[in-house]
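Single-letter residue listing:
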Amino acid sequence: MSENRAISKRIALPVVQERPVLVALAGQPNVGKSTLFNLLTGLHQHVGNWPGKTVERKEGTLTWKGTTYRLVDLPGTYSLTANSLEELIAREFIIRERPDVVIAVVDAATLERSLYLVAELLPLPAPVVVALNMMDVAQQEGIQVEPEVLQAALGVPVVPMSAVRGVGVQELLETVERMARGELPYTPRFPQIRPDHQQVLDSIGERIAGYVPSPYPDEWVALKLLEGDPEITAMMRSALPPERWDEVHAILRAHDDAQVAVASGRYEWIGRMVRAAVTRPRVGQIGLTERLDRWVTHPILGLFILAGIFGLVFWLTYTLGAPLQNLLETYVVGALAEWVGGLPLPAWLSGLLADGVIGGAGAVLTFLPILVFFFAALAFLEDVGYMARAAYVMDNFMHLIGLHGKSFLPLFLGFGCNVPAVLGTRVIESRRARLLTILLAPLVPCTARMAIIIFLAPAFFGAAAPLVSWGLVLLSLTVLALTGIVLNRVLFGGRRSAFIMELPLYHLPNWRTIGLSVWQRSLSFVRKAGTVIVVISAIIWALSTFPGGSTEESFLGQLGRWLEPAGRLIGMDWRLTVALLSSFVAKENSIATLGVLFHTGEEGLAETLAATYPIATALAFLVVQVLFIPCVAAVGAIRQETASWRWTLFSFALLLGISFLAGGATFHIARWLGG
Amino acid sequence: MVAEEEALTCKTSLPSQVDGVPLSALRTGEEGVIAELTGGHSLCSRMVSLGLTPGASVTVLQNFGRGPLIVRVRDTRVALGRGEAGKVLVRRTE
């Protein structure tokens with residue numbers, strides 16, 4: 001409830017005269033809402049968070065026939081009962097902001113399900129225009145929908161369209177414009193509760209009349225009480241005098257089956273609409289989706305397909321991305337550092353810029369090409385509908401570690417970069433599962449960690465390097481699984497959240513949607529690199545330079561020596577310890593730091609290291625490196641997404657402990673084996 | 001408060017009607033009509049918003065006897081865990 005108030009206060013914007021027409025875009029997942037939003041606003045959109053929340057908020061502007069529209073993309077939800085933050089945000093926005101028009105996007109091919117949200121939207125205090133999307137898909141599936149009949153049955157404007165093909169957009173805008181001006185008739189037919197519960201609803205309505213806090217509509221509140229909505233229940237409990245509340249509460253307890261009665265009432269209403277407007281397809285017709293799913297969601301074949309597809313993703317990502325990364329490193333970052341080094345600047349400033357800022361943040365930016373290809377591949381798989389299948393076939397495995405299929409995508413994103421992995425946990429509804437996924441995400445080896453392994457393994461292990469590299473990946477995934485099992489037992493008592501999700505129809509990719517997704521994910525990565533990492537790189541540079549100018553005598557060197565006794569336990573001298581510490585800024589910094597400490601630069605470094613350290617130390621170093629605390633950008637993301645310093649510190653300590661134990665075990669076992 | 005909410009279920013049917021089998025007992029290709037939802041409150045809420053309400057007909061598209069299932073309900077393919085499917089009681093239709 002307190003959360004509830006916090007949203008409303010911050011959303012409420014001062015009313016300015018001539019304000020743009022406020023339009024909210026509502027719709028269930030997979031109905032093409034994002035496609036429509038992107039089509040309407042293009043790059044005139046702003047992605048942020050809902051105030052104080054970790055739910056993404058997209059807003060954009062659009063000017064059409066001289067009028068400016070402010071478009072707010074509400075989170076995609078199946079209903080508006082406060083099951084999740086998304087649902088709460090969507091309905092609070094409509095109730096408190098009173099948009100001039102709500103565009104409800106529905107899928108013509110799954111009208112029966114997607115009208116459910118419309119049934120929830122109509123009783124809210126804002127006029128609804130129905131965008132009957134995916135008319136083309138419905139036609140292909142042999143479903144005939146008659147928009148005029150639907151419009152007459154609903155009593156609200158219905159605009160047939162296909163956002164993917166750009167059909168019907170002008171008509172939609174025209175309808176929205178006329179609706180905002182109040183030029184269109186608006187006589188919505190509301191869904192009714194199942195008749196056997198009408199009396200109960202009325203008796204609650206009588207008892208709460210006069211006590212409902214503004215701006216909530218009375219009837220809607222009565223309905224939500226019957227549905228057992230936790231937010232509204234808490235609100236009315238404090239709004240009603242105690243004896244009134246006891247009466248209402250007694251009625252609610254006697255009718256705890258009312259939730260389904262309310263939902264059934266909505267589906268009865270939907271049934272009437274659908275019967276009027278839809279000519280059913282031929283029964284028994286097997287679509288493309290079902291034919292593909294026989295293979296793709298098969299418990300064994302599906303896993304092979306998954307492995308194949310993701311193998312291809314990695315191969316493409318590295319084949320296309322790695323050469324670009326090298327070019328960027330040589331011709332942009334390297335050249336820039338050289339140029340700065342040649343400028344007539346004081347030595348400390350040119351050092352700060354060249355080694356601190358460009359060396360640190362620049363190195364992070366060189367990962368961008370690889371990330372862009374990785375994000376593009378995943379956005380493609382998401383858009384065509386494959387990702388839901390990947391979640392489905394991985395569900396069995398994820399159960400083992402106390403999670404379910406939906407956690408698979410964010411964890412997989414971690415192979416690219418842990419930052420989007422942590423941000424990607426937003427798709428998981430339950431807070432428990434989400435937290436656990438966030439805690440596990442840093443154990444997925446990201447591109448930067450892989451770069452270190454690929455650089456060091458050949459020098460130490462020669463021909464066995466690929467084997468060692470695979471072993472390290474396998475090790476981190478095993479540690480991830482074990483940590484998941486233990487954390488789930490210890491922190492959450494072994495409970496597991498429910499797995500229910502829609503498997504959308506497969507469809508052709510929409511390049512615009514994919515492009516925007518890649519753009520936004522990359523942008524948030526660059527922003528991190530451009531802010532946090534620049535600052536921390538500069539700090540670490542200063543620590544490794546002052547006092548005295550050489551790393552050995554610097555603060556960082558001193559810290560490394562101070563920590564050396566701990567490092568010794570896992571076979572590391574102060575130089576490797578310092579390298580690990582510097583990897584906190586950005587993983588690949590380890591290599592650069594070692595280059596500085598051995599005065600070799602990166603060229604001769606691998607050989608020097610191989611000559612300096614025994615195999616046991618090398619192996620322990622690599623093990624610690626893959627399991628160590630993630631870079632500062634990922635820690636920042638963890639802090640942002642858990643909204644808690646406690647959990648951030650917990651994650652920090654957890655990874656420190658795990659990497660230290662694993663490193664120690666590796667070192668001692670390897671030495672005992674004679675390494 | 002939370003404990004109380006979770007203790008609530010969304011049992012819907014009259015005692016005489018309870019003759020359903022768990023949805024997870026239906027084999028691939030079998031059809032049924034949902035008789036009752038027996039899960040906790042928030043699980044039921046998510047189920048009904050995806051179309052799983054008493055009276056709705058469901059077709060099992062995939063059930064390999066272990067792991068999650070895929071069903072079709074109201075023209076939508078829904079994947080649900082075996083545990084969740086066990087909380088949906090259905091009557092088989094021939």
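On a predicted model such as this, the values are computed, not experimentally measured, just so you know. (Residues numbered from 1 in each chain as written. Chains lettered and ligands numbered in written order. Predicted model: local features only at pLDDT ≥ 70, side-chain atom pairs only at ≥ 80, totals over all residues. Heavy atoms only, no water.)

1. Side note on the packing of helix 8 (residues 198-208) of chain A against helix 11 (residues 242-254) of chain A
Residues and elements named next belong to chain A.
Here is step 1 of the chain: Here helix 8 crosses helix 11 at 170 degrees, and the two axes come no closer than 10 Å. The pairing of helix 8 with helix 11 is recorded here as roughly antiparallel in orientation. Seen along the crossing, helix 8 lies across helix 11 with a hand that is left-handed. Where helix 8 approaches helix 11, its residues Val200, Ser203, Ile204, Glu206, Arg207 and Ile208 are matched on the opposing element by Arg244, Glu247, Val248, Ile251 and Leu252.
Here is step 2 of the chain: Grouping the constituent residues of the contact of helix 8 with helix 11 by class yields six nonpolar, one polar and four charged. (Axes fitted to C-alpha atoms, helices over the stretch in contact; angles between N-to-C directions. Helix = DSSP H or I, 4+ residues; strand = E, 2+ residues; numbered from the N terminus. Parallel < 35°, antiparallel > 145°, perpendicular 65-115°, else oblique. Left-handed = near helix turned anticlockwise from the far one by under 90°. Contact = heavy atoms within 4.5 Å. Nonpolar A, V, L, I, M, F, W, Y, C, P; charged D, E, K, R; others polar.)

2. Focus: the environment of A:Thr425
Residues and elements named next belong to chain A.
Here is step 1 of the chain: Here Thr425 lies in the loop between helix 19 (418-424) and helix 20 (431-440).
Here is step 2 of the chain: Between the C-alpha atom of Thr425 and that of Leu71, which follows or precedes it by 354 residues, the distance is 26 Å.
Here is step 3 of the chain: In this structure, Thr425 is in contact with Pro410, Arg434, Thr437 and Ile438, ignoring residues within four places of it in sequence.
Here is step 4 of the chain: Within the structure, the side chain of Thr425 is placed 2.7 Å from the backbone oxygen of Val422, a separation counted as a polar contact. (Polar contact = N/O pair within 3.5 Å; in protein donor to acceptor, adjacent residues only side chain to side chain.)

3. Considerations on the domain arrangement of chain A
Here is step 1 of the chain: Here chain A is described as being made up of domain 1 (2-180), domain 2 (195-279) and domain 3 (527-672).
Here is step 2 of the chain: A straight line from the C-alpha centre of domain 2 of chain A to that of domain 3 of chain A covers 57 Å. (Domains from an automatic or database assignment.)

4. Re the sheet that holds strand 1 (residues 21-22) of chain B
Here is step 1 of the chain: If you walk across this open sheet you meet the seven strands as 10(A)-5(B)-4(B)-3(B)-2(B)-6(B)-1(B), and the pairing is antiparallel. This sheet does not close on itself; its edge strands, each paired only once, are strand 10 (500-503) of chain A together with strand 1 of chain B.
Here is step 2 of the chain: When strand 2 (residues 31-37) of chain B meets strand 3 (residues 57-62) of chain B, the two strands line up antiparallel, connected through three bridges. Its bridge partner being in strand 3 of chain B, B:Val33 is matched across the sheet by B:Ser57.
Here is step 3 of the chain: Across the face of the sheet, helix 17 (residues 386-400) of chain A comes into contact with strand 10 of chain A together with strand 3, strand 4 (69-73) and strand 5 (76-80) of chain B while running at roughly 140 degrees to strand 10 of chain A. (Pairing = 2+ DSSP bridges.)

5. Side note on unusual backbone geometry
Glycine aside, a negative phi is what most residues show, and trans is what most peptide bonds show.
Here is step 1 of the chain: In this chain, A:Ser214 is followed by A:Pro215 through a cis amide linkage whose omega measures 5 degrees.
Here is step 2 of the chain: Among the structural elements, A:Pro215 can be located in the loop between helix 8 and helix 9 (218-226).
Here is step 3 of the chain: In this structure, B:Arg74 takes a positive phi of about 50 degrees despite not being glycine.
Here is step 4 of the chain: Among the secondary structure elements, B:Arg74 is positioned in the loop between strand 4 and strand 5.
Here is step 5 of the chain: For B:Arg74, a relative accessible area of 12% puts it in the buried group.
Here is step 6 of the chain: One non-glycine residue, B:Asp75, adopts positive backbone phi at about 65 degrees.
Here is step 7 of the chain: Relative to the helices and strands, B:Asp75 is located in the loop between strand 4 and strand 5. (Buried < 20%, exposed > 50% of the residue type's maximum accessible area, 1.4 Å probe, protein only.)

6. Re the side chain of A:Thr77
All names here are of chain A.
Here is step 1 of the chain: Here Thr77 is to be found in the loop between strand 4 (67-73) and helix 3 (85-97).
Here is step 2 of the chain: In this structure the side chain of Thr77 is engaged in a polar contact, spanning 3.0 Å, whose partner is the backbone oxygen of Ser79.
Here is step 3 of the chain: If we skip the residues at most four places from it in the chain, Thr77 touches Gly27, Gln28, Pro29, Glu86, Glu87 and Leu117.

7. A look at the pattern of salt bridges
Here is step 1 of the chain: Counting across every chain of the model gives 24 salt bridges over all chains.
Here is step 2 of the chain: In this structure, the salt-bridge partner of A:Asp229 is A:Arg91, at a minimum N-O distance of 2.6 Å. Placement of the pair is A:Asp229 in the loop between helix 9 and helix 10 (230-239) and A:Arg91 in helix 3, with a sequence separation of 138 residues.
Here is step 3 of the chain: Here A:Arg91 falls in the buried class, since its relative accessible area comes to 0%.
Here is step 4 of the chain: Across the pair B:Arg74 and A:Glu112 runs a salt bridge, and its minimum N-O distance is 3.0 Å. Taken together, the positions of B:Arg74 in the loop between strand 4 and strand 5 and A:Glu112 in helix 4 (residues 111-121) put the pair across two chains.
Here is step 5 of the chain: Ionic contacts of the salt-bridge type, sharing partners, join the residues A:Glu120, A:Lys224, A:Glu227 and A:Arg266 into one network. (Salt bridge = Lys/Arg side-chain N within 4 Å of Asp/Glu carboxyl O.)

8. Focus on the environment of A:Leu439
Residue and element names in this part refer to chain A.
Here is step 1 of the chain: Structurally, Leu439 is set in helix 20.
Here is step 2 of the chain: With a relative accessible area of 1%, Leu439 lands in the buried category.
Here is step 3 of the chain: As for Leu439 and Phe652, which are separated by 213 residues in sequence, their C-alpha atoms are 9.2 Å apart.
Here is step 4 of the chain: Leu439 has contacts with Leu487, Leu491, Trp647, Phe650 and Ser651, leaving out every residue within four places of it along the chain.

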